[in-house]
Amino acid sequence: MPERIEWLEDGTAGGSPYSPRFGDRYRSEGGGLDQAKDVFLKGCGLPGAWAGQLQWCVLETGFGLGLNFLVTWAAWKADPQRPRLLHFVSLEAFPASADDVYRSALSHPELIPFAQALKDQLWGLLPGFHRLVFEGGQVLLTLCIGDAKAMLRELAFEADSVYLDGFNPRLNPGIWDVFTFKAVARCCRRGTRLATWTVARSVRDALTQCGFQVEKVPGTPPKRDNLQGEYQPAWTLKKSRVLPARRTPAHCIVLGAGLAGAAVAASLARRGWRVTVLDAAAAPAAGASGLPAGLLAPHVSPDDSVLSRLSRSGIRATLQQAGALLTQGHPGSDWQASGVLERCLDHARKLPPAWQPGALLADAASDWTVPATPAQLGPCSLPTDSPALWHVRGGWIKPSSLVRAWLATPGVTWRGQAKASTLVRQTSGWQVLDATGQELGTAELLVLATGHASGALADSTGMATPLALQAIRGQASWGLHAKGTAGAMPPFPVNGHGSLIPRVPLENGMAWVAGSTFERDNTDTGLRPEDTAHNLGKLQTLLPAQALAIQADSGQIQGWAGIRCATPSRLPALGPVQGQPDLWVSTGMGARGLSFAALCAELLAARLHGEPLPVEQRLADALLSQYATGLASAANE
Ligand SMILES: Cc1cc2nc3c(=O)[nH]c(=O)nc-3n(C[C@H](O)[C@H](O)[C@H](O)COP(=O)(O)OP(=O)(O)OC[C@H]3O[C@@H](n4cnc5c(N)ncnc54)[C@H](O)[C@@H]3O)c2cc1C
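Computed from a predicted structure; not experimentally measured.

A. Quick look at the site of the ligand. As a matter of local geometry, the ligand sits amid 33 residues, with Asp279, Ser289, Leu295, Gly590 and Leu594 nearest to it. At 2.6 Å, a side-chain N or O of Asp279 approaches an oxygen atom of the ligand. With respect to the ligand, the side chain of Ser289 contributes an N or O atom lying 2.5 Å from an oxygen atom. For the shell around the ligand, the secondary structure elements donating two or more residues are helix H8 (259–270), strand S14 (294–296), strand S25 (470–480), strand S30 (558–566) and helix H17 (593–609). It is S30 that provides the largest number of residues to the shell around the ligand, a total of three residues. Split into classes, the residues belonging to the shell around the ligand amount to 16 nonpolar, 13 polar and four charged. For the shell around the ligand, the two domains that each supply at least three residues are domain 2 (251–287 + 400–469 + 568–634) and domain 3 (293–397 + 471–566).

What follows is the structure, encoded as structure tokens:
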């Protein structure tokens with residue numbers, strides 16, 4: 001359940017929010033707006049301090065009802081000198097419902113449009129990090145749901161401002177103690193400013209002990225004093241905790257114009273990089289990303305594995321991008337957030353126990369995946385007691401549409417028929433040569449996103465440990481709907497043993513897409529009739545009625561084949577190649593390019609710029625350590 005809040009009558013539009021758990025009000029008697037502006041913004045020297053900066057990172061210890069975030073975002077928007085990127089990282093152990101967050105802003109009409117946009121993204125807040133995106137990717141809110149100390153351990157960035165907020169230290173001492181402040185200090189650089197509304201002696205002492213110089217300043221009525229401070233420890237900071245310097249945007253070459261490369265190009269261009277995307281083919285999305293349509297559905301596992309968590313973060317990132325860049329709901333749609341039904345044909349229990357109806361996390365989990373209902377099984381002509389899951393946020397996307405949209409980001413240039421063969425180290429950056437030794441380009445930063453070809457290109461640098469990438473051939477089957485097939489289709493995709501996307505609008509009509517084969521270490525993209533038979537056989541098990549309709553009534557069944565690129569762990573491979581800070585790889589998306597490409601691109605950009613990561617450090621590191629120890633050490637240097 002979301003956190004229970006009582007709304008006390010105080011004459012304001014929404015009322016005054018009160019926490020029965022902590023026996024305290026969420027905000028000051030004055031309504032909270034003055035507190036947010038005077039105590040926190042002004043207390044940290046904002047907006048002046050961020051003027052002209054490329055990025056600014058705020059760390060807040062208690063999100064509550066999001067008022068400080070809304071006020072900071074509004075101040076950013078109103079400021080002509082605002083930084084290009086505003087990161088707001090906020091911790092919250094007991095997240096309130098989206099409705100309560102919105103209601104809390106009702107007493108401040110100027111914040112209502114911001115609150116509405118926030119409300120729309122406040123769903124599925126399971127424990128862990130959630131990256132919410134506003135202002136076309138220029139305002140990034142990272143909500144860290146869980147115990148403050150545990151969440152702080154997962155953060156790896158340097159905050160420019162710290163807002164210490166939360167219930168009264170007497171009522172919730174845990175987030176005001178020396179251990180929390182020590183973890184906050186780990187996220188500070190010399191000079192990071194801090195502000196809070198409490199001047200409790202215990203708080204001042206603990207902050208001082210952790211290296212903050214603090215002083216009382218005149219308070220926001222009815223409070224007499226507020227507290228401001230700066231991180232200026234008397235000791236030398238350990239080298240191990242110094243993060244990489246924030247990179248200044250320059251020129252980057254991305255090799256590969258599939259989902260992985262195009263996503264990287266867009267993420268870097270949004271941060272001010274000039275990006276040239278080179279591809280061997282004559283058109284973008286000529287590799288695996290040329291699939292007519294692909295599924296977007298989270299991975300679920302009883303232990304909520306790293307893959308499951310990353311897939312959810314990735315899907316949130318893809319949904320944000322698809323929602324902003326693609327069209328849905330008309331005849332030429334690029335995608336549809338229809339939901340996806342997953343059949344559990346082996347009858348295995350898939351949901352974590354805490355997600356089961358009535359359990360602790362059931363409410364947040366119900367925004368992601370729930371047991372399927374008879375109403376969802378019925379349109380698939382399946383028995384209403386068939387074990388199945390319903391992925392609420394699932395859907396389908398035409399990958400090539402997303403690739404083209406990313407390549408259209410201002411600052412990105414695409415060039416085809418540019419097959420890279422050798423990478424040559426330069427004094428500063430990299431030179432890319434084709435097979436004849438002709439230069440294709442040079443740049444300060446080079447990103448390999450060439451699928452399974454990334455291995456050979458990385459080898460051309462003379463790296464000691466080859467990238468452990470595996471090519472996996474796949475053939476999908478598709479056809480234009482005939483009368484009988486159109487009527488037999490469910491209104492959403494189904495997976496679980498192969499998959500069926502029932503309605504994909506193509507140029508020459510409405511199509512179904514079913515897939516796919518998996519054949520390791522095969523890079524042949526020729527079509528094979530036996531693969532069509534294999535796909536239809538799988539469909540026979542997954543959706544017997546639909547398979548029958550296709551066999552009886554479909555016109556010619558077509559095929560499409562491509563090569564996936566996978567790592568041994570089934571997680572993508574993302575990081576600098578063997579300790580080279582200006583040669584990165586983003587590949588190994590396996591069968592989940594639509595779930596991972598956008599997330600990996602944001603991770604790459606965040607690592608390069610010392611920004612807060614969109615996922616817990618532990619999860620991000622799982623992608624670094626795919627194959628070469630050099631990857632992890634370079635990113636953490
Ligand atoms: C049959 C099939 C079904 C699939 N179904 C789904 C699905 O339902 N959902 C999902 O999320 N994913 C699915 N996938 C996986 C998904 O397609 C991939 O994960 C994703 O497209 C990988 O994107 P990429 O950019 O890493 O690779 P690619 O799209 O393969 O891009 C690599 C690019 O690099 C270029 N290149 C290669 N070598 C060079 C070079 N030397 N120089 C310059 N350029 C070069 C290629 O031309 C290509 O454009 C499926 C894949 C297949 C094959």
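After presenting the structure, the write-up continues.
B. Quick peek at the sheet that holds strand S2 (residues 16–19). As summarised here, the arrangement of the three strands in space is S1-S2-S3, forming an open sheet in which the pairing is antiparallel. Where the open sheet ends on each side, the last strands, each with one partner, are strand S1 (6–8) and strand S3 (24–25). Sheet topology note: the S2/S3 ladder contains two bridges and is antiparallel. Bridging from a neighbouring strand, Tyr18 pairs with Arg25 of S3.

C. Structural view of the domain arrangement of the protein chain. As far as domains go, the protein chain holds domain 1 (6–241), domain 2 (251–287 + 400–469 + 568–634) and domain 3 (293–397 + 471–566). For domain 2 versus domain 3, the distance between C-alpha centres works out to 28 Å. Opposite the 30 residues of domain 2 that make contact, domain 3 presents 29 residues. Of the roughly 2400 Å² buried between domain 2 and domain 3, counting both surfaces, carbon and sulfur atoms make up 70%. Interface area lost by domain 2 to domain 3 is led by His452, Leu594 and Leu619, which between them contribute 24%.

D. View of the environment of Leu141. Relative to the helices and strands, Leu141 resides in strand S7 (residues 139–145). For Leu141, a relative accessible area of 0% translates into the label buried. Counting along the chain gives 52 residues from Leu141 to Val89, while the straight-line C-alpha distance between them is 5.8 Å. Not counting the four nearest positions on each side in its chain, Leu141 is found in contact with Phe63, Phe69, Phe88, Leu118, His130, Arg131, Leu132 and Phe134.

E. Main features of the sheet that holds strand S15 (residues 335–336). Taken in spatial order, the three strands line up as S14-S19-S15 in an open sheet, and their pairing is antiparallel. Each edge of the sheet is formed by a strand with only one pairing partner; in this case those strands are S14 and S15. Relative to strand S19 (residues 395–397), S15 is paired through two bridges, and the arrangement is antiparallel. Residue pairing in the sheet places Gln336 in a bridge with Trp396 of S19.

F. Quick look at the nonpolar core. Within the largest apolar cluster, 77 residues are counted, with the highest numbers of intra-cluster contacts made by Leu59, Phe69, Leu70, Leu118, Leu141, Leu155 and Phe212. With eight residues, the top contributor of residues to this core is helix H2 (residues 67–78). Ignoring any residue separated from it by four or fewer positions in sequence, one finds Leu155 in contact with Leu59, Val89, Leu91, Phe129, Cys144, Arg186, Cys187 and Gln617. Counting 67 residues, the second-largest nonpolar core is a separate cluster that includes Leu126, Val254, Leu389 and Leu407.

About the thresholds
- Residues numbered from 1 in each chain as written.
- Predicted model: local features only at pLDDT ≥ 70, side-chain atom pairs only at ≥ 80, totals over all residues.
- Heavy atoms only, no water.
- Near = heavy atom within 4 Å.
- Polar contact = N/O pair within 3.5 Å; in protein donor to acceptor, adjacent residues only side chain to side chain.
- Helix = DSSP H or I, 4+ residues; strand = E, 2+ residues; numbered from the N terminus.
- Nonpolar A, V, L, I, M, F, W, Y, C, P; charged D, E, K, R; others polar.
- Domains from an automatic or database assignment.
- Pairing = 2+ DSSP bridges.
- Contact = heavy atoms within 4.5 Å.
- Buried area = accessible area lost by both parts, 1.4 Å probe.
- Buried < 20%, exposed > 50% of the residue type's maximum accessible area, 1.4 Å probe, protein only.
- Core = buried A, V, L, I, M, F, W, Y, C linked by side-chain atoms within 4.5 Å.

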